[in-house]
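Below are the chains, spelled out letter by letter.
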Amino acid sequence: MKKRTKVISGVLAGVGALAVGGAFLLQRNIKEPSEKAQQAKREALKQNEGWYFPSLSDELPLVIFYPGALIDVAAYSIWAAELADDGYPVFLVTMPFELAMLAPQRAEQVLARFPQREYVIGGHSLGGYTASKFAVERLEEKDSQLKGIFYLASYTEEAPILKDSELASLVVTGSQDEDIKEKNVLAKKAAYPKNSQFVSINGGDHLGFASVAGHQEKGLSESQQQKQVAETLKKWLSTLR
């Protein structure tokens, strides 16, 4: 009996060590915000669920955002601050190890803070896919406050209720993105909501949708891509009024 207990204890210790080691490796690989993103983050309020960029408007929809895999969510602060300055409050949601798939329902905690507010939800890369799954669940619950979903270098959850919905959708890709290729996104155009806009940022690459330290641009400068992301989002959001 003692021998068996020792074996079980050894296995559990090994699993624990692997989990700790894996967490350490994930933490080391998280892409940190650039200095400009850190500066933009100063306009935000730190909340348990992430970073909140408030606005003076009480009528425009709240923008909820899920980060790309292993990207510190504060790296999206530049365009988030611009949206807030234009009247759209933005909530950049913090995820465990910056992996949205580990906490796909975290937007519910954000919505609990704004029970009467209309909102849109979106994300970058894997974050966009996870946000899409969340939107599907809200559609199934007939959530009338959900007004749109947006994808930054991302892809959709292929669900009939989403594809056939009247939900406004924005799909933004970068022509130099080697991770989420435009041709693959466009090949699945029919899987997105019927009311979808597809926008290509000429020269944009995958990481340029965020602003991370040490990013080596493949085409467009990061500052130019950030500006285009902000302008594209604002233009789309203005159609939801």
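Quick caveat, the model's predicted, so the values are computed rather than measured.

Student: Would you mind showing me how to read the packing of helix H3 (residues 77-85) against helix H8 (residues 222-238) here?
Tutor: The description of two helices packed together rests on the angle between their axes and the distance between the axes. Their axes nearest at 9 Å, the elements H3 and H8 cross at an angle of 40°. Regarding H3 and H8, the two cross each other, and that crossing is right-handed. Residue-level contacts link Ile78, Trp79, Glu82 and Leu83 of H3 to Gln226, Val229, Ala230, Glu231, Leu233, Lys234 and Leu237 of H8. Class assignment for the residues of the contact of H3 with H8 results in 7 nonpolar, 1 polar and 3 charged.

Student: Whenever I open this one, the packing of aromatic side chains confuses me. Can you help?
Tutor: Describing an aromatic ring pair means giving the distance of the ring centres and the angle of the ring planes. Applying the stated criterion to the full structure yields 10 aromatic pairs. Relative to Phe114, the ring of Tyr52 lies with its centre 5.3 Å away and its plane at 50°, an arrangement referred to as tilted. Here Tyr52 is found in strand S2 (residues 50-53), whereas its partner Phe114 is found in the loop between helix H4 (107-113) and strand S5 (119-124), with 62 residues between them in sequence. Each member of the pair, Tyr52 together with Phe114, is buried. An angle of 70° between the planes, with centres 6.3 Å apart, marks the rings of Tyr76 and Trp79 as edge-to-face. Trp79 sits in the buried class, given a relative accessible area of 0%. Ring pairing ties together the aromatic residues Phe65, Tyr76, Trp79, Phe150 and Trp236, which thus form one cluster. Stacked on the ring of Trp51, the Lys or Arg Lys46 has its end atom at 5.4 Å from the ring centre. Stacked on the ring of Phe198, the Lys or Arg Lys189 has its end atom at 4.9 Å from the ring centre.

Student: Teacher, can you tell me more about the sheet that holds strand S1 (residues 45-47) here?
Tutor: Note: strands within a sheet are paired through backbone hydrogen bonds, in either parallel or antiparallel orientation. Ordered in space as S1-S2-S4-S3-S5-S6-S7-S8, the 8 strands form an open sheet in which the pairing is mixed. Across the chains shown, the open sheet's two edge strands, defined by having one partner strand only, are S1 and strand S8 (196-201). Going from strand to strand, the sheet's axes swing by 20° on average, the running direction of each strand aside. Across 6 bridges, the pairing between strand S7 (residues 168-174) and S8 is parallel. The residue bridging Thr173 from the neighbouring strand is Ser200, located in S8. Contacts from H3 reach S2, strand S3 (62-66), strand S4 (90-93) and strand S6 (146-152) within the one sheet, and its direction differs from that of S4 by about 155°. The sheet strands contacting helix H5 (residues 126-140) are S3, S5 and S6, and the helix crosses S5 at an angle near 150°.

Student: For this particular structure, what's the right way to read the pairing of S6?
Tutor: Across a regular strand the side chains alternate sides, sitting on one face of the sheet and then on the other. Among the 7 residues in S6, 6 count as buried, and that is most of the element. The pairing of S6 with S7 spans 5 bridges and is classified as parallel. In the sheet register, Tyr151 faces S7, and the bridge partner there is Val171.

Student: Just to check I follow, could you spell out the pattern of salt bridges for this structure?
Tutor: Two side chains carrying opposite charge are able to pair once their charged atoms lie near each other. Tallying each qualifying case throughout the model produces 10 salt bridges. Residue Glu141 pairs with Arg138 through a salt bridge whose shortest N-O separation is 3.7 Å. Between Lys188 and Glu158 there is a salt bridge, and its shortest N-O distance comes to 3.6 Å. Highlighted residues: Lys188 in the loop between helix H7 (182-187) and S8 and Glu158 in the loop between S6 and helix H6 (160-163), separated in sequence by 30 residues. Judged by relative accessible area, which is 48%, Lys188 ranks as partly exposed. The structure contains a network of salt bridges with shared partners spanning Glu108, Arg138, Glu141 and Asp143.

Student: Even after reading the chapter, I still don't get unusual backbone geometry, so can you show me in this structure?
Tutor: Most peptide bonds are trans, and most residues other than glycine sit at a negative phi. A positive phi angle, near 60°, is found at Leu70, a position not held by glycine. Tracing the backbone shows Leu70 in the loop between S3 and H3. The backbone of Ala153 sits at a positive phi, close to 45°, despite the residue not being glycine. Mapped onto the secondary structure, Ala153 falls in the loop between S6 and H6. Judged by relative accessible area, which is 0%, Ala153 ranks as buried.

Calculation notes
Residues numbered from 1 in each chain as written. Predicted model: local features only at pLDDT ≥ 70, side-chain atom pairs only at ≥ 80, totals over all residues. Heavy atoms only, no water. Axes fitted to C-alpha atoms, helices over the stretch in contact; angles between N-to-C directions. Helix = DSSP H or I, 4+ residues; strand = E, 2+ residues; numbered from the N terminus. Left-handed = near helix turned anticlockwise from the far one by under 90°. Contact = heavy atoms within 4.5 Å. Nonpolar A, V, L, I, M, F, W, Y, C, P; charged D, E, K, R; others polar. Phe/Tyr/Trp six-rings, centres within 6.5 Å; stacked < 30°, edge-to-face > 60°. Buried < 20%, exposed > 50% of the residue type's maximum accessible area, 1.4 Å probe, protein only. Lys NZ or Arg CZ within 6 Å of the ring centre and 35° of its normal. Pairing = 2+ DSSP bridges. Salt bridge = Lys/Arg side-chain N within 4 Å of Asp/Glu carboxyl O.

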